[in-house]
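Working through the structure, step by step
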Amino acid sequence: MEPWEKVCIHVSMYAILREMRPIDPFYVKYLSQLPKQITEETIGEEVYPIGTYINVFFVVIVFLVTDYLRYKPIMIINGISGIIYYSLLLGSPTTMKLKIGQVFQVIFRAAEVAYYTYMFAQIKNKDQYQIAYSRVRASVLVGKCGSGLLSQVVISYLSPNLTGYIYLIYISIFGMVLTTIWSLIIPPVKFSLYFYKQKEPVINFESIDTKKIIQNKVIEPFRENIDRTYTQNDLKKLKCSEVIRKLWLDFKVSYTDVNLLKWSVWLSLSLCGYIMIGQYIQILWQKLEKQDINAHLMNAAVDSLTTILSAVATYSTGRINGSWDKYGEYLIAIVSMGLGCILIVLSSNKSLNWSYGYYIIFCCTYQTMLTISSAEIAKFLKRDCYALVFGFNKFITSILQSFFVIVIVKDTFFSFNIEEQIYFYGLYFAFLGFVYILLFLLVMKGVLKKNILINTI
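Keep in mind that this is a model prediction, so the values were computed, not measured. (Residues numbered from 1 in each chain as written. Predicted model: local features only at pLDDT ≥ 70, side-chain atom pairs only at ≥ 80, totals over all residues. Heavy atoms only, no water.)

Observations regarding a nonpolar patch on the surface
- Together, M337, F431, F434, V435, L438 and L441 make up a nonpolar patch on the protein surface, roughly 540 Å² of accessible area in all.
- The dominant element in the nonpolar patch, judged by the number of residues it contributes, is helix α17 (residues 418-456), at five residues.
- Structurally, M337 can be placed in helix α14 (residues 324-348).
- Assessed through its relative accessible area of 31%, M337 is described here as partly exposed. (Patch = residues over 30% accessible without salt bridge, like charges linked within 9 Å, V, L, I, M, F, W, Y side chains within 5 Å. Areas by Shrake-Rupley, 256 points an atom, 1.4 Å probe, with all protein chains shown as cover. Salt bridge = Lys/Arg side-chain N within 4 Å of Asp/Glu carboxyl O. Helix = DSSP H or I, 4+ residues; strand = E, 2+ residues; numbered from the N terminus. Buried < 20%, exposed > 50% of the residue type's maximum accessible area, 1.4 Å probe, protein only.)

Below, the structure written as structure tokens:
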């Protein structure tokens, strides 16, 4: 087994264990079942916003600290924060306890970047990045799907009352314990993307096969036959000023590319809407269940089905070689408007089952588009800039989330119920589509002018 494959196994197992959180699909339902019932309004307006606000700061801090500590310590902290977060749900948690739990959940979510960057730092051959990322991403989907199925089986068949939800919390804590143990076992990283660099190797020319070099007459075979020996102190720690300079240079080079900027803007803005829908959809489902006595919550089963269908759609999209450079704006516009229409219909729906169906379509469509946009962004990136660009995009998403929470969720300026909030996000996606339609028309106008100019010469 090659070294990069071992790294994939280490990270993939970590990803699967980290997704063992079966209480997540029934978070709102569990809190409403407690003796001291916590209402959907309290969760939406007081508990969730805490995590959104703090996330803005943690996204940046975790990115820099992760690189400085060389990934493994953050992976350990990831597991520990998960243990604390789910432990705070036991007993009869107060609103204050839930707010404190949101802090640890933010640490848990923000630290997700650690195991991806750990993988990139451990794999020496950058040509293996894509296949390694695909395997780890598949592991995440496997873990999430398995966790969802387990959750639904426990609630639907084994223990549909409050005890069942408590079982799910204990399983979630157990999953976080296993995640922490596994993060302690995996090997540490010696080098990182920014703070810890590898010094140039000292070349031992005595072991060069001169005849073979002459025979091949090319550079790469020459390099492959050089015996590279490293000094004992082959680790170079960069100063903060050097790291900041490199970050700024990578940032400037990346975001001055028009194609990368186009896809990054859409990813940042659309991801905000997607996260807000995913976070607050349980409140809508809880409300619809109360209105229909024959309805039964199938949140976990829906999450699992969404994961499977999204994986299939994502895999199928990866096999299509589309000319997204030329028609990217048009694709973004059509998909965004489609997502907006789905959310508008979802907001006015009164059936829990139909709501599940619209949500699955929304998620699968978005995940497919997310795959295309991420691939397009990666295509225009230097490999060392992956974490920086995707981290910055996530930072913009977090800022926009905080804005929406203040304006839409907290009733600071407007008073929206959950249906009206989803309707607003439908209009938001439709507006994104309209903007990119205009951008597409401007691009096509420029192309036509260029063709006319060429033909007149």
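Anyway, onward from the coordinates.
Section: helix α11 (residues 240-255)
- Over its 16 residues, α11 runs 22 Å from end to end, which matches the ideal 22 Å to within 8%, given 1.5 Å per residue.
- For α11, the full list of buried residues reads V243, L247, D250, S254 and Y255. In an axial view of α11, the angular spread of the buried residues amounts to 110°, which keeps them on one side of the axis. (Expected span 1.5 Å × (residues − 1). Arc of directions from axis to C-beta.)

Details of the pattern of salt bridges
- By the definition in use, this model includes nine salt bridges.
- Of the charged contacts in the structure, one is a salt bridge between E19 and R21, with a shortest N-O distance of 3.8 Å. Each member of the pair E19 and R21 is classed as buried.
- Taking the shortest distance from any N to any O, the salt bridge between K99 and E46 comes out at 4.0 Å. Of this pair, K99 sits in helix α5 (residues 95-110) while E46 is found in helix α3 (residues 40-69), placing the two residues 53 residues apart along the sequence.
- One network of salt bridges, with partners in common, ties together R18, E19, R21, D24 and R109.

Structural notes on the environment of A333
- As for its position among the elements, A333 is in helix α14.
- A C-alpha to C-alpha distance of 3.8 Å links A333 and G433, two positions 100 residues apart in sequence.
- If sequence neighbours within four positions are ignored, A333 has contacts with G433, Y436 and I437. (Contact = heavy atoms within 4.5 Å.)

A few points about the UniProt feature "transmembrane region" (unreviewed entry) in the chain
- With numbering matched to this structure, UniProt assigns "transmembrane region" (unreviewed entry) to residues 47-66, 73-91, 165-189, 265-285, 327-346, 358-378, 385-410 and 422-443.
- The distance separating the terminal C-alpha atoms of residues 47-66 is 27 Å; by composition the span is 100% helix and 0% strand.
- The straight-line gap between the two end C-alpha atoms of residues 327-346 is 29 Å; of that span, 100% is helix and 0% is strand. (UniProt positions renumbered as here; feature names shortened; annotations may be inferred.)

Some thoughts on the packing of aromatic side chains
- Under the defined criterion, the tally for this structure stands at 22 aromatic pairs.
- Here F251 and Y255 contribute two aromatic rings whose centre-to-centre distance is 4.8 Å and whose plane-to-plane angle is 40°, an arrangement assigned as tilted. Of this pair, F251 and Y255 both sit in helix α11, separated by four residues, roughly a single helical turn.
- For F251, a relative accessible area of 22% gives the class partly exposed.
- When the centroid spacing of 5.1 Å and the interplanar angle of 90° are considered together, the rings of W285 and Y359 count as edge-to-face. In this pair, W285 is assigned in helix α12 (residues 258-291) and Y359 in helix α15 (residues 352-379), connecting sequence segments 74 residues apart. The residues W285 and Y359 share a single accessibility class, namely buried.
- Through a chain of ring-to-ring contacts, three or more aromatic side chains come together here, namely W266, Y274, F362, Y366, F403, F404, F424, Y425, Y428 and F429.
- Of note, R18 hangs over the ring of F108, and the distance from its end group to the ring centre comes to 4.2 Å. (Phe/Tyr/Trp six-rings, centres within 6.5 Å; stacked < 30°, edge-to-face > 60°. Lys NZ or Arg CZ within 6 Å of the ring centre and 35° of its normal.)

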